[in-house]
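Reading the structure
Okay, here's what each chain looks like letter by letter:
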2 protein chains.
Amino acid sequence: MLPIAVDAMGGDKAPKEIVEGAKLAVDELGLPVVLVGQPEALGDAGGLEVIPASEVIGMRDDPAQGVRRKKDSSLVRAAEAVRDGKAAAMVSAGNTGATMGAALLRMGRLKGVQRPAIATPIPVPGQTPTVLLDAGANAECTPTYLLQFAQMGAAFATARYGIRDPKVALLSIGEEDTKGTSLVKEARGLLAGAGLNFVGNVEGRDLMSDAADVVVTDGFTGNVALKTLEGSLKFLIGAIFEAFNSSEEAKSASGVLLDALAPAAAELDPDATGGAMLLGVEGVCIISHGSSSARAIVNAVRVAGEMVDGQLVERLRGAVAAG
Amino acid sequence: MLPIAVDAMGGDKAPKEIVEGAKLAVDELGLPVVLVGQPEALGDAGGLEVIPASEVIGMRDDPAQGVRRKKDSSLVRAAEAVRDGKAAAMVSAGNTGATMGAALLRMGRLKGVQRPAIATPIPVPGQTPTVLLDAGANAECTPTYLLQFAQMGAAFATARYGIRDPKVALLSIGEEDTKGTSLVKEARGLLAGAGLNFVGNVEGRDLMSDAADVVVTDGFTGNVALKTLEGSLKFLIGAIFEAFNSSEEAKSASGVLLDALAPAAAELDPDATGGAMLLGVEGVCIISHGSSSARAIVNAVRVAGEMVDGQLVERLRGAVAAG
């Protein structure tokens, strides 16, 4: 396999944790990795190959301007490495909008796809995650975009989680087909007639359940839902830890409960999901969350390798062309 | 005060828990309550006055048809009691859409208000709740609707929680004013120029925080966010209880931790919030959640009484007229 290109400069903990994660990925997974970034900033790269890039698109930079102006940035160079056949896939924990922009402009859009979408796995402990898309690439969508998101999301759920005929649902505000916006109502007809295993509308409360394997929505609603979910889990986990530390008695009682909670906590850990996937570009592109640790990068590289092996891009092409 | 009209037939646990709650409200709060429903179905009404209504709009009935066809339903009769000066406010745990419809058609829209909105308090333990609106009344909105939601939401936060100059925010997918849909971008300008304490955009993760007192959005996004939040909290609370019951050792350790978690759990309990409020109609109308217990009804009656005393409707009228 060609190496996985890891943007060493992207993310709140870059470059240290990213480089550390890349080295761990090579050691643990035996996958080839190439770092992309400023060689002098990387510290000990552990002998990994480095594609030099003199510029960095910051987390708060304007994505479109960043990609246009910083042609020698790590993000742009990583996407070019995939385009030029020097890397099999790219992984970045940097600026999400700029990652999308670099992938779209340098790798190109998948033929027939109107808009790429961000597919984010929502962990459902004890079960396969729910794939939510679009999680933020396109604030405004047409019914046809949603149809293509459904096709790509289903192909991704098969490639990523081995689900043969994934249950696809549309995010709405009630199960009835009369509920929702005109976008939802029009998309519902398209999805029902597309040969997918379409199970109808689901609500926000169904995201963390087995109601559907793939939940389709516009990027505005998807992003709000995802952030709401992250915020509420973070809030409640904080409240639990506060309670566990509220007294000496609570502290000593908490050990056994933390052990019991550990499996679910491990599955809910955003570092464990392998990151979000940009679907609809000519290559495998993983968007890790901004606070990615070395462990998150290991998982992202692992998933990138699996998606290259599993021919994700070919599957997406087929899914959209067949629809 | 005129009595609070309680729809005895609405909700998953109606009429038993509803009647029980109404009786408790009279005993505990000293507020007058009138039940609305089928007298023969109510069991022991504890001497409470009953406005007879022979029909029931079911939880799954089509709201518009229900209100139009079932003119002698408890929901329609409750709204008429407010209109006719026989009740000070109405409370229902029944069909949300039908509650809105009955209130809108029978009480009437507040002068100057283009669309009523559902304002739902999102509990933030240790702090005042965040008022989210619209939580589902209007799937599609204009920028002007959102402006009026902001004006009404701020007036409600003042009346309900005593917040003098509530922080009002717009729900979006990034703080930057370039982020979001065209609806959000246009509304942002209106809200910034309306004399409100407008703090800009917030994200889904800010709902359970002190970032804003009032968060404004369209009814589709608001409903998805609310349901996502409810779903994730329910999921995580379930996982905690499972861990607490996972072994004898865990069970015996959990007592002290449950005590420590109790205050936050009490604030997160949906029965404790007093329900959602329909803002923009000519009367106080509380929409309790479908699974309301007797305790939820007590809290709803209490809040209804406070909002009548606090002249909520006059405040809303003034807020929209001044904007």
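Residues numbered from 1 in each chain as written. Chains lettered and ligands numbered in written order. Predicted model: local features only at pLDDT ≥ 70, side-chain atom pairs only at ≥ 80, totals over all residues. Heavy atoms only, no water.

**Describing the packing of aromatic side chains**
All names here are of chain A. For the structure on display, the rule yields four aromatic pairs over all chains. Relative to Phe-149, the ring of Tyr-145 has its centre 6.5 Å away and its plane inclined at 40°; by these criteria the two rings are tilted. With Tyr-145 and Phe-149 both in helix 5 (residues 143-161) and four residues apart, the pair spans about one turn of that helix. Judged by relative accessible area, Tyr-145 falls into the buried class, the value being 10%. (Phe/Tyr/Trp six-rings, centres within 6.5 Å; stacked < 30°, edge-to-face > 60°. Helix = DSSP H or I, 4+ residues; strand = E, 2+ residues; numbered from the N terminus. Buried < 20%, exposed > 50% of the residue type's maximum accessible area, 1.4 Å probe, protein only.)

**Description of the pattern of salt bridges**
Residues and elements named next belong to chain B. Under the defined criterion, the tally for this structure stands at 32 salt bridges over all chains. Where Arg-160 meets Glu-306, a salt bridge forms, and the shortest distance between an N and an O atom there is 3.9 Å. Linking Arg-160 in helix 5 (residues 143-161) with Glu-306 in helix 9 (residues 294-309), this pair joins segments that are 146 residues apart in sequence. Its relative accessible area of 13% is what places Arg-160 among the buried residues. The partly exposed category is assigned to Glu-306, whose relative accessible area is 33%. (Salt bridge = Lys/Arg side-chain N within 4 Å of Asp/Glu carboxyl O.)

**A word on the interface of chain B and chain A**
Listed per partner, the contact involves 46 residues of chain B and 46 residues of chain A. Between chain B and chain A lies a buried interface of about 4,100 Å² when both sides are counted; carbon and sulfur atoms form 76% of it. Counting the surface chain B buries against chain A, the share from its top three residues, Ile173(B), Phe220(B) and Phe235(B), is 16%. Counting across the interface, chain B meets chain A through four salt bridges. For the salt bridge of Glu230(A) with Arg205(B), the shortest nitrogen-to-oxygen distance reads 3.8 Å. (Contact = heavy atoms within 4.5 Å. Buried area = accessible area lost by both parts, 1.4 Å probe.)

**Concerning the sheet that holds strand 7 (residues 167-171) of chain B**
Within a sheet, neighbouring strands are paired by backbone hydrogen bonds and run either parallel or antiparallel to one another. All names here are of chain B. Spatial ordering of the open sheet is given by 3-2-1-4-11-10-5-6-9-7-8, a layout of 11 strands whose pairing is mixed. With one partner strand each, in any of the chains shown, strand 3 (49-52) and strand 8 (197-202) form the two edges of the open sheet. Going from strand to strand, the sheet's axes swing by 25° on average, the running direction of each strand aside. Pairing between strand 1 (residues 4-7) and strand 2 (residues 33-37): four bridges, direction parallel. For Ala-5, the partnering residue across the bridge sits in strand 2 and is Val-34. (Pairing = 2+ DSSP bridges. Axes fitted to C-alpha atoms, helices over the stretch in contact; angles between N-to-C directions.)

**Quick word on helix 8 (residues 248-268) of chain B**
The largest bend along helix 8 of chain B reaches roughly 50° and is located at Ala262(B), with the proline Pro263(B) sitting one to four residues downstream. When helix 8 of chain B is considered as a whole, its buried residues turn out to be Ala250(B), Ala253(B), Ser254(B), Val256(B), Leu257(B), Leu261(B), Ala264(B) and Leu268(B). (Bend = angle between axes of the 7 residues up to and from the residue.)

**Points about the domain arrangement of chain A**
Much of the literature gives interface size as the accessible area that the parts lose upon coming together. All names here are of chain A. When the domains of chain A are assigned, the result is domain 1 (1-113 + 280-311) and domain 2 (121-272). Its C-alpha centre places domain 1 at a distance of 25 Å from the equivalent point of domain 2. The interface of domain 1 with domain 2 comprises 15 residues on the first partner and nine residues on the second. Carbon and sulfur atoms supply 56% of the area that domain 1 and domain 2 bury against each other, a total of about 870 Å² over both sides. (Domains from an automatic or database assignment.)

**Thoughts on the relation of the copies chain B and chain A**
Both copies of the chain are related by one operation, a rotation about an axis with a shift along it. Least-squares fitting of chain B to chain A yields an RMSD of 0.0 Å, with the transformation described by 0.0 Å of translation along the axis and a rotation of 180°. The superposition operator between the copies reduces to a two-fold rotation axis. (Least-squares fit on C-alpha atoms with pLDDT ≥ 70 in both.)

**Re the state of the cysteines**
Counting across every chain of the model gives zero disulfides over all chains. Residue Cys141(B) stays outside any disulfide, its sulfur separated by 18 Å from that of Cys141(A), the closest cysteine. Judged by its relative accessible area of 15%, Cys141(B) falls in the buried class. No disulfide involves Cys285(B); its nearest neighbouring cysteine sulfur is the one of Cys141(B), lying 18 Å away. A relative accessible area of 0% places Cys285(B) in the buried class. (Disulfide = S-S within 2.5 Å.)

**Some thoughts on the environment of Val216(A)**
All names here are of chain A. Mapped onto the elements of the fold, Val-216 is located in strand 9 (residues 214-216). With a relative accessible area of 0%, Val-216 lands in the buried category. Put simply, Val-216 and Leu-29 are 187 residues apart on the chain and 32 Å apart in space, counted from C-alpha to C-alpha. Leaving out residues up to four positions away in the same chain, Val-216 has contacts with Leu-133, Leu-146, Phe-149, Ala-150, Val-168, Ala-169, Leu-170 and Leu-171.

**Section: the pairing of strand 1 (residues 4-7) of chain A**
Residues and elements named next belong to chain A. Residues Ile-4 and Val-6 line one face of strand 1 and the alternating positions Ala-5 and Asp-7 line the opposite face, and both faces are buried. Two elements, strand 1 and strand 4 (residues 89-92), share three bridges in a ladder whose sense is parallel. Within the sheet, the bridge partner assigned to Ile-4 lies in strand 4 and is Ala-89. Running through helix 1 (residues 16-29), the crossover from strand 1 to the neighbouring parallel element strand 2 (residues 33-37) is right-handed. (Right-handed = clockwise from strand over helix to strand, strands pointing away.)

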